[in-house]
Amino acid sequence: MLLFILTNLPQSHSQEEETKYTSCSRQPYNCGDVSNIFYPFWGHNRPQYCGGGHQLDFKLECQNDNTTVLIGSPNFQVLRIDATAYTITMKQTVDDVCSPTFYDTFLGLDPAFFVYPPTVHNITIFYNCSSLEFSAADRYEFTCGNENGTYGVGGKDDVLKEHPELQNCERHIQVPIQVPLDDMKGALDGGFEVNYNNPHGKECRRCSDSKGVCGHNSTSHEFTCFCKDGSSDAIVCYGGGSNSTRSHLLRKILTGCKSSSWRGKFWLTTKDNKDIEAFLKNHGALTLKRYKFSDVKKMTNSFKNKLGQGGFGSVYKGQLFNGCPVAVKILRSSKGNNEDFINEVASISSTSHVNVVTLLGFCFEGRKKALIYEFMSNGSLEKFIYRNGHEAVASLNWEDLYQIAMGIARGLEYLHRGCNTRILHFDIKPHNILLDENFCPKISDFGLAKLCPRKESMISMSDARGTIGYVAPEMWNRHFGGVSHKSDVYSYGMMLLEMVGGRRNVNADASHTSELYFPHWVYNRLEQSSDLRPDEVMKTEENEIAKRLTVVGLWCTQTFPDDRPTMSRVIDMLEGSMNSLEIPPKPMLSSPTRSVSGSSTS
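Computed from a predicted model, the values in this text were never measured in an experiment.

## Details of helix 10 (residues 398-418)
Here is step 1 of the chain: With 21 residues, helix 10 extends 28 Å between its outermost C-alpha atoms, agreeing within 8% with the 30 Å of an ideal straight helix rising 1.5 Å per residue.
Here is step 2 of the chain: Counted residue by residue, helix 10 has 16 buried out of 21 residues, so it is predominantly covered.
Here is step 3 of the chain: Put simply, Asn-397 is the residue that caps the front of helix 10, since its side-chain oxygen is 3.1 Å from the backbone nitrogen of Glu-399.

## Some words on unusual backbone geometry
Here is step 1 of the chain: Omega for the bond connecting Tyr-39 with Pro-40 falls within 30 degrees of zero, at 10°, which places this linkage in the cis form.
Here is step 2 of the chain: Along the chain, Pro-40 turns up in the loop between strand 3 (34-37) and strand 4 (60-63).
Here is step 3 of the chain: The backbone of His-44 shows a phi angle near 60°, a positive value even though the residue is not glycine.
Here is step 4 of the chain: Relative to the helices and strands, His-44 resides in the loop between strand 3 and strand 4.

## Points about the confidence of the model for the chain
Here is step 1 of the chain: Of the residues in the chain, 67% have a pLDDT of 70 or more, and the chain-wide mean is 74.
Here is step 2 of the chain: Counting interchain partners and residues more than four positions distant, the pLDDT-below-50 stretch residues 239-272 has 73 contacts.
Here is step 3 of the chain: A low-confidence stretch, residues 389-393 stays under pLDDT 50, and its non-local contacts, those more than four residues away or across chains, total 8 contacts.

## Structural notes on the pattern of salt bridges
Here is step 1 of the chain: Within this structure, the stated rule accounts for 8 salt bridges.
Here is step 2 of the chain: Notably, a salt bridge pairs Glu-61 with Lys-59, separated by 3.8 Å at the nearest N-O pair.
Here is step 3 of the chain: Overall, Glu-61 belongs to the partly exposed group, its relative accessible area being 23%.

## Quick look at the packing of helix 14 (residues 540-556) against helix 15 (residues 567-575)
Here is step 1 of the chain: The interhelical angle for the contact between helix 14 and helix 15, taken along N-to-C directions, is 160°, at an axis separation of 10 Å. One finds that helix 14 runs roughly antiparallel with respect to helix 15. Two packed elements cross with a definite hand, and for helix 14 against helix 15 that hand is right-handed. Contacts from Arg-548, Leu-549, Val-552, Trp-555 and Cys-556 in helix 14 reach Val-570, Met-573, Leu-574 and Glu-575 in helix 15.
Here is step 2 of the chain: Residues that form the contact of helix 14 with helix 15 fall into these classes: 7 nonpolar, no polar and 2 charged.

## Brief notes about the state of the cysteines
Here is step 1 of the chain: Counted under the stated rule, the structure contains 4 disulfides.
Here is step 2 of the chain: The partner cysteine of Cys-31 in its disulfide is Cys-62, sulfur to sulfur 2.0 Å. Taking the torsion about the S-S bond as the criterion, the Cys-31 to Cys-62 disulfide, at about 75°, is right-handed. On the criterion of sequence distance, the pair formed by Cys-31 in strand 2 (residues 29-31) and Cys-62 in strand 4 is long-range, its members being 31 residues apart.

## Some words on the sheet that holds strand 7 (residues 87-92)
Here is step 1 of the chain: On the basis of which strands lie adjacent, the open sheet formed by 6 strands has the order 4-5-6-7-13-8 and antiparallel pairing. Edge positions in the sheet fall to strand 4 and strand 8 (114-115), since each has one partner strand and no second.
Here is step 2 of the chain: Direction of pairing for strand 8 relative to strand 13 (residues 192-196): antiparallel, over a ladder of 2 bridges. Across the sheet, residue Phe-114 finds its bridge partner in strand 13, namely Tyr-196.

## Structural notes on the packing of aromatic side chains
Here is step 1 of the chain: Scanning the entire structure with this criterion turns up 11 aromatic pairs.
Here is step 2 of the chain: For the ring pair Phe-384 and Phe-439, a centre distance of 5.4 Å and an interplane angle of 80° mean the geometry is edge-to-face. With Phe-384 in helix 9 (residues 382-385) and Phe-439 in the loop between strand 25 (433-435) and strand 26 (441-443), the pair connects residues that are 55 residues apart, well separated along the chain.
Here is step 3 of the chain: When its relative accessible area of 7% is taken as the criterion, Phe-384 is described as buried.
Here is step 4 of the chain: Among the aromatic residues, those joined into a ring-pair cluster are Phe-41, Phe-58, Tyr-86 and Tyr-196.
Here is step 5 of the chain: Stacked on the ring of Tyr-49, the Lys or Arg Lys-20 has its end atom at 5.1 Å from the ring centre.

## Notes on the environment of Val-483
Here is step 1 of the chain: Relative to the helices and strands, Val-483 is located in the loop between helix 11 (473-476) and helix 12 (486-501).
Here is step 2 of the chain: Linking Val-483 and Ile-459, residues 24 residues apart in sequence, is a C-alpha distance of 6.0 Å.

## Focus: the pairing of strand 12 (residues 171-178)
Look at any regular strand and the pattern is simple: side chains alternate between the two faces of the sheet.
Here is step 1 of the chain: Taking burial as the measure, the 8 residues of strand 12 include 6 buried ones, the bulk of the element.
Here is step 2 of the chain: One ladder, built from 8 bridges, connects strand 9 (residues 120-127) with strand 12; its direction is antiparallel. Its bridge partner being in strand 12, Ile-125 is matched across the sheet by Ile-173.

## Points about the sheet that holds strand 19 (residues 306-310)
Here is step 1 of the chain: Strands sit in the order 18-22-23-21-20-19 across an open sheet of 6 strands; the sheet is mixed. The open sheet has two edge strands, strand 18 (289-290) and strand 19, and neither has a second partner.
Here is step 2 of the chain: Pairing of strand 18 with strand 22 (residues 359-365) involves 2 bridges; the strand directions are parallel. Note on strand 22: the bridge partner recorded for Lys-289 is Gly-361.

## Description of the environment of Glu-382
Here is step 1 of the chain: Relative to the helices and strands, Glu-382 resides in helix 9.
Here is step 2 of the chain: When the C-alpha positions of Glu-382 and Glu-498 are compared, they lie 9.4 Å apart, and in sequence the two are 116 residues distant.
Here is step 3 of the chain: The residues contacting Glu-382, other than those within four sequence positions of it, are Pro-430, His-431 and Arg-504.
Here is step 4 of the chain: Of note is the side chain of Glu-382, whose polar atom sits 2.9 Å from the side chain of His-431.

Thresholds applied
- Residues numbered from 1 in each chain as written.
- Predicted model: local features only at pLDDT ≥ 70, side-chain atom pairs only at ≥ 80, totals over all residues.
- Heavy atoms only, no water.
- Helix = DSSP H or I, 4+ residues; strand = E, 2+ residues; numbered from the N terminus.
- Expected span 1.5 Å × (residues − 1).
- Buried < 20%, exposed > 50% of the residue type's maximum accessible area, 1.4 Å probe, protein only.
- Polar contact = N/O pair within 3.5 Å; in protein donor to acceptor, adjacent residues only side chain to side chain.
- pLDDT = per-residue confidence, 0-100.
- Contact = heavy atoms within 4.5 Å.
- Salt bridge = Lys/Arg side-chain N within 4 Å of Asp/Glu carboxyl O.
- Axes fitted to C-alpha atoms, helices over the stretch in contact; angles between N-to-C directions.
- Parallel < 35°, antiparallel > 145°, perpendicular 65-115°, else oblique.
- Left-handed = near helix turned anticlockwise from the far one by under 90°.
- Nonpolar A, V, L, I, M, F, W, Y, C, P; charged D, E, K, R; others polar.
- Disulfide = S-S within 2.5 Å.
- Pairing = 2+ DSSP bridges.
- Phe/Tyr/Trp six-rings, centres within 6.5 Å; stacked < 30°, edge-to-face > 60°.
- Lys NZ or Arg CZ within 6 Å of the ring centre and 35° of its normal.

Now the structure itself:
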C-alpha cells in the first residue's frame, strides 16, 4: 500500500510552462542551410530552455546565415546536423589550409556527449619542410603556393619522436579529418563529423511518446518534459497534474536525494504491486521488453544452467527466442526484494554505455521477479585477479588489468556525470564487474544503487550499504563526511589495490592480534619500493602499470571524501604521465572494514 499525506505542493500547471511547450514544439533552429533542428540544440530563434540543459554544449549561433557551434575554441562552422544519425558535420571557419591563420583543431568535447566516429582521424600537418623519408602510406603531400614540401601525416601522435627531422619544418598543426581521402584540401573543406549523444535520449523518447516536448529547467538544468496542458514533469506527460505529482514523489522516495522542492509525510510498503506496476510503466520499462515467467522458464531451460548466486538470488544462463545468449537474474522473494528490483530497473534502464551492462528485459508477476541481461562470457573479474590457490582460474596480463581499470573508471564516470540523473552504485567490487569475450569490463548489479539529480552532491542514507572491505568510511560513520559519489570512488580504489596485489583486501596480511588495513599494507610496500607481487618477475613497463594503479588506488581510498579524486580526475591520472602522479598521504584508518555488519550483498 502506498499512502501520501501532502502539504504545500507546488502547482503542476502554469501559463509559463504552456508557453514553453508551444515555443519548443513550433520553433526549430533555422539558419541558412542548417534548418528544422530541435532538441537538444538551442540558440538564435530557439530559447535556451528548449535545449539539452548543458549550457554551451548544444548552443548554435547564426552569423550571416552560417551556423557556428561553441564546442571548440575558436568556434566551428556547422555544415549540417543529421538528427537521425546523431552527427554534426563541421569545419574550421578559415577555409584555406594554406592560410597562416589555419589553426589547431582541438574541440572542447565532453566525452559523455561528443565523440569522433571511427572515420575521423587526427593528422598532423607540417608546413614548408625539406625532403622527408616517409612511407607514402603514412603521408599526404601537397603544396601551398611557393612552399615546397608541405605534408599531412596521418594518425600518429608521436610522429615528431619517430621523425625528429620534422622539427626543421616551419610550423605544424593538428586537425581531425574524414578518411579515406584522396585530396587533403578537399577533405578539409568538406569538414569532419562528430557524433553527439542526446544527453537525455531515453527520457526524451518517453516524453515524445507521451505527446510532450523535450526541454530543461532553466534553473536546475535538469531534463523537463513540457506538456500541452501546461503541466511539466521530469519524464512524461500524463494529461493532468495528479499523476505527475505522484510520480515525482515516488521518485524522491526511491532516490533518497535531499530536495526542498516538496514537503510532505509518507509511508511506503510494497504489499500492493499496483504501485510497482505504475512505476514500471512510467519510469524505465517503456524501452524494455516485458516477459512472462513462463517465458523466463523456457529461455533458461527450466533454470538448468546456474551461473552464480548472491544475496539477491540466483543467476542462470539463458537464450532469447532469437538465439541471443542472456543472463537471467531471479530475485529472491524476501523483504526488500521489491526495492532491489525497482532500483535495478530505474537505474540501469536509463543507461547506455560500453562499460555498463545492458538490461534487455524483465519479468514481474507478483512475487516472481526476473531481470534479463546481456550475457558476459568471461564472467566476473574476481575469478581472474585473486591468486590464492583455486580462486584464480586464469591470469590477466598487466596491460589487460590496466585496460579493465580504465573501462571501469569510464563506466563509473558515466554513471556519476553522463546521465541526467546521477547514479551512485554503492557496491563496486570485482564480483560486480563482468567481462565480455574481449575482456571489456561492464559494471553490473544495481540493487543497492541510489539515483540523485546531478546538482545534488550529497544524499541522505538511513543505513550503511555495500560489501565489507569496499565500504567507504562515511558510509558507516558520518563524522568522516557526507555520502556522495566519492563513496563509489573509495570502492573503486580498493578494487584497484586488489587487482595489483592479486589478493582480497580483507586478511591481506595480519599482525599477531589484528588485521592490517589493506591500503596500509599496500602503502608500506610502495614506500619500501617492495614488489606487491614478490613471486612474479615483472618487466619495466609492467612495474610502471602496477605502480600507476597502486598510486591511483591509494588516492581513491583516502579516508575523507574531499581528499579523493572524482572519477574524471581518476581517468586523467590513469592516462597521464607517471611523473605528474604524486604519492598520496598514508590513509588514516586502521581497520574500518570490520565496522560494517549485515550490509554485504555477497
